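A structural walkthrough
Now for the letters of each chain:
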Amino acid sequence: MFDDFGEADVLRLTEVPMPEVRPGDLLVKVRAAGVNRADILQRQGYYGRQSYGESDLLGLEVAGEVIAVGPDVTDIRPGERVMGIVGGGAYAEFARVDRSMAVPIPDHLDYVGAAAVMESFVTAWEAAVHLGGTTKGTAVLIHAAAGGVGSAAVEIAHALGAQAFATANAERRAEVLALGAEVVFDYRSEDFEQGVRDVTGGRGVDVIADFVGGDYLARNLRSLAPGGRLVQVGLLGGQDTTNIPLSVLLHNHLRLIGTVMKSRTADEKRAMVRRFAEGALPMFADGRLKPLVGKVFPLAQAAEAHCAMEAGGGFGKIVLKVTA
């Protein structure tokens, strides 16, 4: 936990009370927890003093063993392995998880791998498939494809039989290609708009999942085929305001869709997890989808994990290993 907003060194390990289990909850002995950009923003004070979700503790995704269930839970028993999304509280030995926000861990996944799944792949499935309509034969452009959600979106598009194109740092081109992208444009030295025209014969792509924003928006719209969908998931570029070519939007009958998980209601998040469980979870079970784990730190080194994320340049999810 931390007492004041600031740099990573404000994080400290301490004792807090055990979470109270509500009727529809699971009490999970946390084995591993994913580290997300939102954790850093919360620590820095981006969200202010209100808690990010249900707990003042950091952490939005857990993987672990169920040790108790609320009286309304009838389909999961103590001893089962689950991975889930929480409204805070994952950086701990025990966490309270809404039953509807948890899914079984596929047999072949260990806890560290499972901790790298939920935030990235639930968000990616929602953006690329539920909102974007990605399916077999769809042409998709995925920005920031070396990041957690972007890389998950590439995996999903490839697994569904879509034609995946991506932007990333040239140093990560080989890794993104290995995930199933057909072409990867270096966002620093190559013009993805021209690249998309070239690889699609001037038609454009059907779906774009963008995590950057800013001046990408106009270029994205010009890169879409008629009837295409642009799903805006993030603003990594830090630019909130930009110009939009309305004539392109109107003439080509395009759709611009915005989404972010943190502002969703609990029921909306439950629906997102349900769609992921129905569509994507079977692909983890049969190996078509795989978690991407980068660096692993013990819980006591959460500050070092945050520093590693802030330094950037890595590939794969940063995970905190909580217990053996």
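Here the residue numbering is sequential within each chain, running from 1 through the sequence in written order. Per-residue local features are limited, in this predicted model, to residues with pLDDT of at least 70; the limit for side-chain atom pairs, both in listing and counting, is 80 or more; totals at the level of whole chains, interfaces and linings are taken over all residues. Remark: hydrogens and water are excluded; side-chain values derive from all non-hydrogen atoms of the structure.

What follows covers the side chain of E126. Mapping E126 onto the fold places it in helix α3 (residues 118–131). Residue E126 is classed as buried on the basis of its relative accessible area of 2%. Helical segments are the DSSP runs of H or I of at least four residues, strand segments are the runs of E of at least two, and each set is numbered from the N terminus. Relative accessible area decides the class of each residue, using a 1.4 Å probe on protein chains only: under 20% of the type maximum gives buried, over 50% gives exposed, and in between gives partly exposed.

Attention now goes to the pattern of salt bridges. A pair is scored as a salt bridge if a Lys or Arg side-chain nitrogen falls within 4 Å of a carboxyl oxygen belonging to Asp or Glu. Across all of its chains, the model carries 19 salt bridges by this definition. Of the charged contacts in the structure, one is a salt bridge between E126 and R264, with a shortest N-O distance of 3.8 Å. Taken together, the positions of E126 in helix α3 and R264 in the loop between β11 (255–258) and α9 (266–279) put the pair 138 residues apart, joining distant regions of the chain. For D267, the salt bridge goes to R270, with nearest N and O atoms at 2.6 Å. Separated by three residues within a single helix, D267 and R270 lie in helix α9, roughly one turn from each other. Classification of D267 as exposed rests on a relative accessible area of 56%. Each of R22, D25 and R96 takes part in a single network of salt bridges with overlapping partners.

Moving on to the layout of surface pockets. Site definitions follow a grid-based scheme: protein atoms alone, a 1 Å grid, a 1.4 Å probe that fits but cannot get out for cavities, and for pockets an open set with protein on both sides within 12 Å along at least five of seven lines, plus lining residues having an atom within 4 Å of a point. Grid points are joined across faces, edges and corners, and a volume is the space filled by probe spheres set on the points. Considering only enclosed or pocket space, the second largest pocket measures out at about 940 Å³ in volume. Taken together, 41 residues line the second largest pocket, and the ones lying closest to its centre are S55, L57, G89, A92 and F94. The set of elements that each furnish at least two residues to the lining of the second largest pocket consists of β4 (94–98), α9 and α11 (302–311). Ranked by the residues each element gives to the lining of the second largest pocket, the list is headed by β4, at five residues.

We now examine empty space enclosed by the protein. For the structure shown, the criterion picks out one cavity of 30 Å³ or more. Every residue along the wall of the largest cavity is listed here: A116, S120, F121, G147, G148, S151, A152, E155, L292, G316 and K317. Broken down by secondary-structure element, the contributors of at least two residues to the lining of the largest cavity are α3 and α4 (148–159). Ranked by the residues each element gives to the lining of the largest cavity, the list is headed by α4, at four residues. Under the scheme applied, nonpolar residues are Ala, Val, Leu, Ile, Met, Phe, Trp, Tyr, Cys and Pro; charged residues are Asp, Glu, Lys and Arg; polar residues are all the others, including Gly. A breakdown of the residues in the lining of the largest cavity according to their chemical character gives four nonpolar, five polar and two charged.

Okay, the sheet that holds strand β9 (residues 205–210) next. Between any two strands, pairing holds if DSSP finds at least two bridges. What the six strands build is an open sheet, ordered β8-β7-β6-β9-β10-β11; its pairing is parallel. Looking at strand neighbours, the two that pair on one side only are β8 (183–186) and β11, the edges of this open sheet. When the angles between neighbouring strand axes are averaged without regard to direction, this sheet yields 15°. Two elements, strand β7 (residues 163–168) and β8, share four bridges in a ladder whose sense is parallel. Directly across from A166, in β8, lies its bridge partner V184. Taken strand by strand, α4 contacts β6 (139–142) and β7, and its axis lies near 165° from that of β6. The strands that helix α6 (residues 192–199) touches are β6, β7, β8 and β9; relative to β8, the one it contacts most, it runs at about 155°. An axis is simply a line fitted to the C-alpha atoms; with a helix, the fit covers only the stretch in contact. Between two such axes, the angle follows the N-to-C directions and lies from 0 to 180 degrees. Note on definitions: a residue-residue contact is assigned when non-hydrogen atoms from the two residues lie within 4.5 Å.

A patch consists of residues whose relative accessible area exceeds 30% and which take part in no salt bridge; residues with like charges are grouped when within 9 Å of each other, and nonpolar side chains (Val, Leu, Ile, Met, Phe, Trp, Tyr) when within 5 Å. To be clear on the numbers: accessible area is Shrake-Rupley with a 1.4 Å probe, and residue cover counts the displayed protein chains and nothing else. Taken together, I244, L246, L250 and L256 make up a surface patch of nonpolar side chains, about 370 Å² in accessible area. For L256, a relative accessible area of 39% gives the class partly exposed.

Turning our eyes to something else, we now look at unusual backbone geometry. Even without a glycine there, the phi angle at A144 is positive, about 50°. If you trace the backbone, A144 turns up in the loop between β6 and α4. In this structure, H253 is a non-glycine residue whose phi angle is positive, near 55°. Within the element layout of this structure, H253 appears in the loop between α8 (246–251) and β11.

The next thing to look at is the packing of aromatic side chains. When two rings of Phe, Tyr or Trp (its six-membered ring) have centres within 6.5 Å they constitute a pair, described as stacked for plane angles under 30 degrees, edge-to-face for angles over 60, and tilted for the intermediate range. By the definition in use, this model includes five aromatic pairs. Note on F2 and F5: the rings are 6.0 Å apart at their centroids and 45° apart in plane angle, and the pair reads as tilted. Since its relative accessible area comes to 30%, F5 is described here as partly exposed. Centre to centre, the rings of F192 and Y216 are 5.2 Å apart; their planes meet at 55°, and the pair counts as tilted. Residue F192 is located in helix α6, and its partner Y216 is located in helix α7 (residues 216–222); the two are separated by 24 residues in the primary sequence. Taken individually, F192 and Y216 each receive the classification buried, so the pair is uniform in this respect. These aromatic residues form a ring-pair network of at least three members: F121, F276 and F284. When the ring centre of Y111 is taken as origin, the NZ or CZ atom of R81, which lies over that ring, is 5.2 Å away. By definition, being over a ring means that NZ of Lys or CZ of Arg is both within 6 Å of the ring centre and within 35 degrees of the ring normal.

Geometry only, nothing functional implied.
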